Amino acid sequence: QVQLVESGGGLVQAGGSLRLSCAASGSIFSINVMAWWRQAPGKQRELVAAITSGGTTNYADSVKGRFTISRDNAKNTVYLQMNSLKPEDTAVYYCNADVRTDYRGSYILYWGQGTQVTVSS
């Protein structure tokens, strides 16, 4: 089994910064894409940023230039540096990862439990 554990959420004023971390543990052979999603109250979950094992990144238009996704493959950890935060960034942030647990298996998508980010105006 594989677990993803997020940390780093909290309350911050508009214009401030937070850094989220998501560590994957368990029976891991390799991880392909790791990503951050968010879900605000009453809204659908949306993709914030994604990064491949090779370091290729993709961002939602709403966070380009403010958020940076990175990963440490040796630690099976993905990070989200969030700068210039806005009240509309308030949401529960989730990470997910495409994980293969052995060399013969398929990639399976795992999710973390989420961490709350609240940006006050």
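Right above here is the structure, for reference.
Note that this is a predicted model, so its numbers are computed, not measured.

Considering unusual backbone geometry
- The residue asparagine 76 is not glycine, and still its phi comes out positive at about 50°.
- Structurally, asparagine 76 can be placed in the loop between strand E7 (67–72) and strand E8 (77–82).
- The residue serine 84 is not glycine, and still its phi comes out positive at about 50°.
- The residue serine 84 is located in the loop between E8 and strand E9 (91–100) in this model.

A closer look at the pattern of salt bridges
- The tally for this structure, following the rule as stated, stands at five salt bridges.
- With its nearest N and O atoms 2.7 Å apart, the salt bridge here joins glutamate 46 to arginine 38.
- Between aspartate 102 and arginine 104 there is a salt bridge; the shortest N-O distance is 3.9 Å.
- Classification of arginine 104 by relative accessible area gives exposed; the value is 68%.

Quick look at the side chain of threonine 77
- Among the structural elements, threonine 77 can be located in strand E8.
- On the basis of relative accessibility, which here comes to 7%, the residue threonine 77 falls in the buried class.
- Here lysine 75 takes part through its backbone oxygen, which lies 2.9 Å from a polar atom of the side chain of threonine 77.
- Ignoring anything within four residues of it in the chain, the contact list for threonine 77 reads Cys22, Ala23, Met34, Ser70, Arg71 and Asp72.

Considerations on the sheet that holds strand E1 (residues 2–7)
- Here we have four strands laid out as an open sheet, ordered E1-E3-E8-E7, and antiparallel in their pairing. Where the open sheet ends on each side, the last strands, each with one partner, are E1 and E7. Across this sheet, the average inter-strand angle for adjacent strands is 15°, counted without regard to direction.
- Note that strand E3 (residues 18–26) and E8 share six bridges and pair antiparallel.

A short note on the state of the cysteines
- Tallied over the full model, the rule gives one disulfide.
- The disulfide partner of cysteine 22 is cysteine 95, and the S-S distance across this bridge is 1.9 Å. Disulfide cysteine 22-cysteine 95: the torsion about the S-S bond is 45°, which places it as right-handed. Note that cysteine 22 is positioned in strand E3 and cysteine 95 in strand E9, a separation of 73 residues in sequence.
- For cysteine 22, a relative accessible area of 1% translates into the label buried.
- Judged by relative accessible area, which is 0%, cysteine 95 ranks as buried.

Some words on the nonpolar core
- Ranked by size, the top nonpolar core spans 30 residues in total, and within it Trp36, Val48, Phe67, Val78, Leu80, Met82 and Tyr93 carry the most contacts.
- When contributions to this core are tallied by element, the ones reaching two or more residues are E1, E3, strand E4 (30–39), strand E5 (46–51), E7, E8, E9 and strand E11 (115–120).
- Top element by residues in this core is E9. It accounts for five residues.

Comments concerning the packing of aromatic side chains
- Per the counting criterion, the structure on display carries one aromatic pair.
- Over the ring of tyrosine 79 we find arginine 19, and its NZ or CZ is 4.1 Å from the ring centre.
- The lysine or arginine in question, arginine 45, covers the ring of tyrosine 94, its NZ or CZ lying 3.8 Å from the ring centre.

Basis of the calculations
- Along each chain, residue indices are assigned from 1 in the same order as the chain's sequence is written.
- It should be noted that, the model being predicted, local features are given only for residues of pLDDT at least 70 and side-chain atom pairs only at 80 or more, the latter also being counted only at that level, while totals for whole chains, interfaces and linings use all residues.
- By convention in this description, side-chain values take in all heavy atoms of the structure and omit both hydrogens and water.
- Helix and strand definitions follow DSSP, with helices as H or I runs of at least four residues and strands as E runs of at least two, each counted in order from the N terminus.
- We count a salt bridge whenever a side-chain nitrogen from Lys or Arg sits within 4 Å of a carboxyl oxygen from Asp or Glu.
- Three labels apply to residues, based on accessible area from a 1.4 Å probe with only protein chains included: buried if under 20% of the type maximum, exposed if over 50%, partly exposed otherwise in between.
- For the purposes of these results, a polar contact is taken to be a pair of N or O atoms within 3.5 Å, where, inside protein, one atom must be able to donate a hydrogen and its partner to accept one; residues adjacent in sequence count only when each atom of the pair is a side-chain atom.
- Contacts between residues were defined by any pair of non-hydrogen atoms, one from each residue, lying within 4.5 Å.
- A pair of strands is treated as paired once DSSP finds two or more bridges between them.
- Orientation is described by axes fitted as lines to C-alpha atoms, over the contacting stretch for helices, and by angles from 0 to 180 degrees between their N-to-C directions.
- Note on terminology: disulfide denotes any pair of cysteine sulfur atoms within 2.5 Å.
- Only buried residues count toward a nonpolar core, which is a set of Ala, Val, Leu, Ile, Met, Phe, Trp, Tyr and Cys residues joined through side-chain atoms within 4.5 Å.
- Aromatic rings from Phe, Tyr and Trp, with only the six-membered ring used for Trp, were paired whenever their centres fell within 6.5 Å, and each pair was classed as stacked if the ring planes differed by under 30 degrees, edge-to-face if by over 60, and tilted otherwise.
- A ring is scored as having a charge over it whenever the NZ atom of a lysine or the CZ atom of an arginine sits within 6 Å of its centre and within 35 degrees of its normal.

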